[in-house]
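These are the residues of each chain, in order.
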Amino acid sequence: MPFDLPNLLTISRIAAIPLLVAMVMLRSPLGDMAACVVFGLAAITDYFDGKIARERGITSGFGVMLDPIADKLLVAAALMLLVGFDRLDDRALLPAIIIMLREILVSGLREYLATLRVGMPVTRLAKWKTGFQMGALGTLLAGDTGARVIGLGWLPVAAIGEVMLWGAAALTLITGWDYWVAGLKYAANDKA
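Reading the values: the criteria
- Residues numbered from 1 in each chain as written.
- Predicted model: local features only at pLDDT ≥ 70, side-chain atom pairs only at ≥ 80, totals over all residues.
- Heavy atoms only, no water.
- Helix = DSSP H or I, 4+ residues; strand = E, 2+ residues; numbered from the N terminus.
- 1 Å grid on protein atoms, 1.4 Å probe; cavity = no way out; pocket = protein on both sides within 12 Å on 5 of 7 lines; lining within 4 Å.
- Points joined across faces, edges and corners; volume = space filled by probe spheres on them.
- Nonpolar A, V, L, I, M, F, W, Y, C, P; charged D, E, K, R; others polar.
- Core = buried A, V, L, I, M, F, W, Y, C linked by side-chain atoms within 4.5 Å.
- Buried < 20%, exposed > 50% of the residue type's maximum accessible area, 1.4 Å probe, protein only.
- Contact = heavy atoms within 4.5 Å.

**Observations concerning unusual backbone geometry**
Argument step 1. We note that arginine 27 has phi near 50 degrees; this positive angle belongs to a residue other than glycine.
Argument step 2. With respect to the secondary-structure elements, arginine 27 resides in the loop between α1 (5-25) and α2 (29-56).
Argument step 3. Even without being a glycine, aspartate 86 presents a positive backbone phi close to 55 degrees.
Argument step 4. By the element assignment, aspartate 86 lies in the loop between α3 (61-84) and α4 (93-115).

**Some words on the layout of surface pockets**
Argument step 1. Roughly 1,300 Å³ of internal volume is contained in the largest pocket.
Argument step 2. Together, 43 residues line the largest pocket, and Asp46, Asp67, Pro68, Asp71 and Val122 are the ones closest to its centre.
Argument step 3. Taken together, the elements giving at least two residues each to the lining of the largest pocket come down to α1, α2, α3, α4 and α5 (124-149).
Argument step 4. Classifying every residue of the lining of the largest pocket gives 19 nonpolar, 11 polar and 13 charged.

**Describing the nonpolar core**
Argument step 1. Counting residues in hydrophobic clusters, the biggest one holds 29 residues, and the most contacted among them are Leu20, Phe39, Leu137, Leu141 and Leu165.
Argument step 2. Of all elements in the fold, only α1, α2, α3, α4, α5 and α6 (157-189) reach the threshold of two or more residues within this core.
Argument step 3. In terms of residues, this core owes the most to one element, α3, which gives 7 residues.
Argument step 4. Ignoring anything within four residues of it in the chain, the contact list for leucine 20 reads Ala35, Val38, Phe39, Leu74, Ala78, Leu81 and Leu141.
Argument step 5. Counting 7 residues, the second largest nonpolar core, distinct from the first, contains Leu109, Val118, Met120 and Tyr179.

Take it as geometry only, folks, not as evidence of what the structure does.
Quick look at the structure:
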């Protein structure tokens, strides 16, 4: 298991999850803001780990395997915290479910395609989806209470986060469909 900088950044996303949970469990405005910061810092490592690995030519099988897992764990943890601590409006449960189901679908497709030795590259739109999704989740973790900590109490941060979550869900459906169609193409040709 290589411990180069990109892989350490990926591992840090997973390591941030217990801290994220602890901050949300404080159920305080400062905890909400801290959860947003922890999540935001963890989320931004997704950009830098890939960028650094490509620039330095130090990609590894370990990193290729762990990067999407780290993303999904971070997103799943944030969504479960938001739902479990009643931080989402009932209407926002639908985009949360869409996002979780898409993550499971894509993981299953990648696993199946790996048995066929077919890679499923991340599309540009999927990268945008991830960025928008991370922004929405960070905003929701801060919520209105966290916004008050930094003097933005007048801004409906939770509502903005929910609108962003719907946008992320729409991108999730589009990219999930793209992956599904690509997976079906290979499944139709598989003679197993």
